[in-house]
Amino acid sequence: MSAFLIEPSTYLALQLLCALVLAAMVGWASRRADAPGLRRWLAGLLLAALGCVLLAQGSRLGAWSLALVFSVFTGSALCFLLALTEFSGRKPSRLWLLPAPLLLAAMLALLLHEPVTLALVGSLAFALSLLGIATLAPLLRGLPSPGLFVAPSALGAVVVAAWGLRSHAALGRGELPPADALSTACYAVLFVLLLTTTFAFLELHRQQATGRIRQLADLDGLTGLLNRRCFLERAERAHRYAARTGARYAVAMLDIDWFKRINDRFGHAAGDEVLVIIGQQLRAAFGADTLLARYGGEEFCVLLPDAGIPDAIACAEDARHRIECLRLKVLEMQRFTISAGVATCTDASGESLAAVIARADEALYEAKRHGRNRVNTAPPPHESASVLA
C-alpha cells in the first residue's frame with residue numbers, strides 16, 4: 001500500500017502546477033466580454049495556488065499562517081461557487097455565508113492560542129464551502145450539467161472534513177500530516193476536483209457559446225422570431241412529416257398595413273418598435289407550438305401543425321384584433337393594423353410547401369386588395385388552380 005501513498009510535498013507541487021496551468025487557460029478564455037463567471041473562477045484558481053504555496057511551508061507554519069491557509073482555500077471554493085452563480089444568472093444566496101461563522105471561530109481560537117482548534121475549525125470551513133457547491137449547483141437552473149460539479153465537490157467535502165478531524169493535531173503543531181491512506185485520498189480528490197470542475201466549467205462556456213452562435217444563425221435579430229432560412233428548414237420537416245403520416249397543417253401569411261407610411265412619417269426606429277411589438281402579439285395569438293418567423297421586411301409567416309382553416313382563421317383573427325387595439329406612443333397613439341391570408345394542406349393535396357405558402361401569400365394580397373385589416377382564406381389547391389387557368 002505504501003507505493004500508493006502521496007507525500008504532501010509531491011501533492012502540493014502537483015496541485016500548484018495544475019492550478020497555474022488551469023489559471024492560464026481560464027485567463028485566456030476570460031478575455032472575451034461575454035464570459036460570465038470566468039474571472040471569478042480564475043480568482044479561485046489563483047487562491048488555490050496561493051494556498052498550496054502557504055501550505056508547502058510545512059514545519060515553518062505558524063498559527064497566523066495556518067489561519068491564512070484555510071481562509072485562502074475557503075475563499076477559493078467560494079469563488080468557484082460565485083462563478084457558477086454568475087454563469088447561471090442567479091443572485092448569490094445567503095446560504096453561502098455559512099463558512100463565515102466557522103472562519104470567525106477559527107480566528108477566535110487563534111486569539112485564544114488554540115492552534116489545534118484553529119486547524120479543526122478551519123478545515124471544516126473549507127469542507128463546508130465545498131459542500132455548498134455540491135448542494136447548491138443543482139439549484140442553478142442555468143447549468144446544463146450540474147452533476148459535473150456535485151459529485152466531486154461532495155466527495156471533496158467529505159474527504160476534507162475527515163482529513164481535518166484526523167489531522168488537526170499535527171496541523172495545530174504547525175506540521176503537515178504524514179503520508180497515509182486518508183491524506184493520499186484527500187490530496188487525490190482535491191487534485192481531481194480542481195481539474196474536473198475547471199474543465200467542466202470551460203465546457204459549459206463552450207456549450208453556451210455554441211448555443212449563442214446557433215441562436216444568431218436561426219433567429220431574426222430584431223424580433224427574436226425565426227428567420228426565413230430557419231423557418232423554411234423546419235417547415236419543410238413539418239411538411240414531410242404531414243405527408244408521411246397523413247396529418248394536416250395550416251400556413252398564415254401576415255403583413256403590416258401601410259408600413260412604409262409608418263417609416264416615412266415616424267422614422268425607422270418607430271417602425272422597428274412596431275415590428276418587435278407585432279412579433280410579441282403574434283407569439284401570444286398563435287401559441288408556442290407553432291413555427292413563427294419574420295419572413296421578410298414587414299411580412300410574417302406562421303405554420304400551425306395539425307390545424308385546419310378554422311384554427312388558422314381563429315388565431316389570425318386574434319392577432320389582428322390584438323394589434324388593432326394597440327396604441328403606441330411612438331406612433332402618437334394612432335392605430336395600425338395587419339392583414340392576413342391563410343391556407344391549409346392535407347396529405348391528399350399533394351402540394352409542396354412552397355405551393356402552400358404561395359396560396360397563403362395570394363390570400364394575403366386579396367385581403368390587401370379588399371380593404372386591409374382583415375383575414376382572407378385561400379381556396380383549396382384544385383380551385384386555386386382552376387381560377388388561375
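Residues numbered from 1 in each chain as written. Predicted model: local features only at pLDDT ≥ 70, side-chain atom pairs only at ≥ 80, totals over all residues. Heavy atoms only, no water.

### Brief notes about the overall build of the protein chain
Then, number 1: In terms of helices and strands, the protein chain carries 13 helices and 5 strands.
Then, number 2: A buried classification covers 46% of the 389 residues belonging to the protein chain.
Then, number 3: The contacts in the protein chain between residues at least 6 apart in sequence include a share of 71% that link residues at least 24 apart.
Then, number 4: Entry remark: accessible area of the protein chain is about 19,000 Å², with carbon and sulfur atoms responsible for 62%. (Helix = DSSP H or I, 4+ residues; strand = E, 2+ residues; numbered from the N terminus. Buried < 20%, exposed > 50% of the residue type's maximum accessible area, 1.4 Å probe, protein only. Contact = heavy atoms within 4.5 Å. Areas by Shrake-Rupley, 256 points an atom, 1.4 Å probe, with all protein chains shown as cover.)

### Points about the sheet that holds strand S3 (residues 299-305)
Then, number 1: One open sheet holds the 5 strands; their spatial order is S2-S3-S1-S4-S5, and the pairing between them is mixed. The sheet is open, and its two borders are formed by strand S2 (291-296) and strand S5 (375-377), each paired with just one other strand. Strand-to-strand twist in this sheet, taken as the mean axis angle between neighbours without regard to direction, amounts to 20°.
Then, number 2: Relative to S5, strand S4 (residues 338-345) runs parallel, the two sharing 3 bridges. Its bridge partner lying in S5, Ala 340 is registered against Val 375.
Then, number 3: Along the sheet, helix H11 (residues 309-324) contacts strand S1 (249-256), S3, S4 and S5; its crossing angle with S4, the most-contacted strand, is approximately 165°. (Pairing = 2+ DSSP bridges. Axes fitted to C-alpha atoms, helices over the stretch in contact; angles between N-to-C directions.)

### Describing a nonpolar patch on the surface
Then, number 1: The grouping of Leu 17, Val 21, Met 25, Leu 195 and Phe 199 at the surface amounts to a nonpolar patch, some 420 Å² of accessible area in total.
Then, number 2: Broken down by secondary-structure element, the contributors of at least two residues to the nonpolar patch are helix H1 (8-29) and helix H7 (181-218).
Then, number 3: The element that contributes the greatest number of residues to the nonpolar patch is H1, accounting for 3 residues.
Then, number 4: The residue Phe 199 is located in helix H7 in this model. (Patch = residues over 30% accessible without salt bridge, like charges linked within 9 Å, V, L, I, M, F, W, Y side chains within 5 Å. Salt bridge = Lys/Arg side-chain N within 4 Å of Asp/Glu carboxyl O.)

### Description of unusual backbone geometry
Then, number 1: Phi is positive for Trp 258, which is not a glycine, with a value near 55°.
Then, number 2: Mapping Trp 258 onto the fold places it in the loop between S1 and helix H9 (259-266).
Then, number 3: Positive phi outside glycine occurs at Arg 372, with the angle close to 70°.
Then, number 4: Structurally, the position occupied by Arg 372 is in the loop between helix H12 (353-369) and S5.
Then, number 5: With relative accessibility at 24%, the residue Arg 372 sits in the partly exposed group.

### Topic: the confidence of the model for the protein chain
Then, number 1: Averaged over the protein chain, the pLDDT score is 81; the fraction of residues at 70 or greater is 75%.
Then, number 2: Scored below 50 in pLDDT, residues 385-389 makes 0 contacts in the model with residues more than four places away or belonging to other chains. (pLDDT = per-residue confidence, 0-100.)

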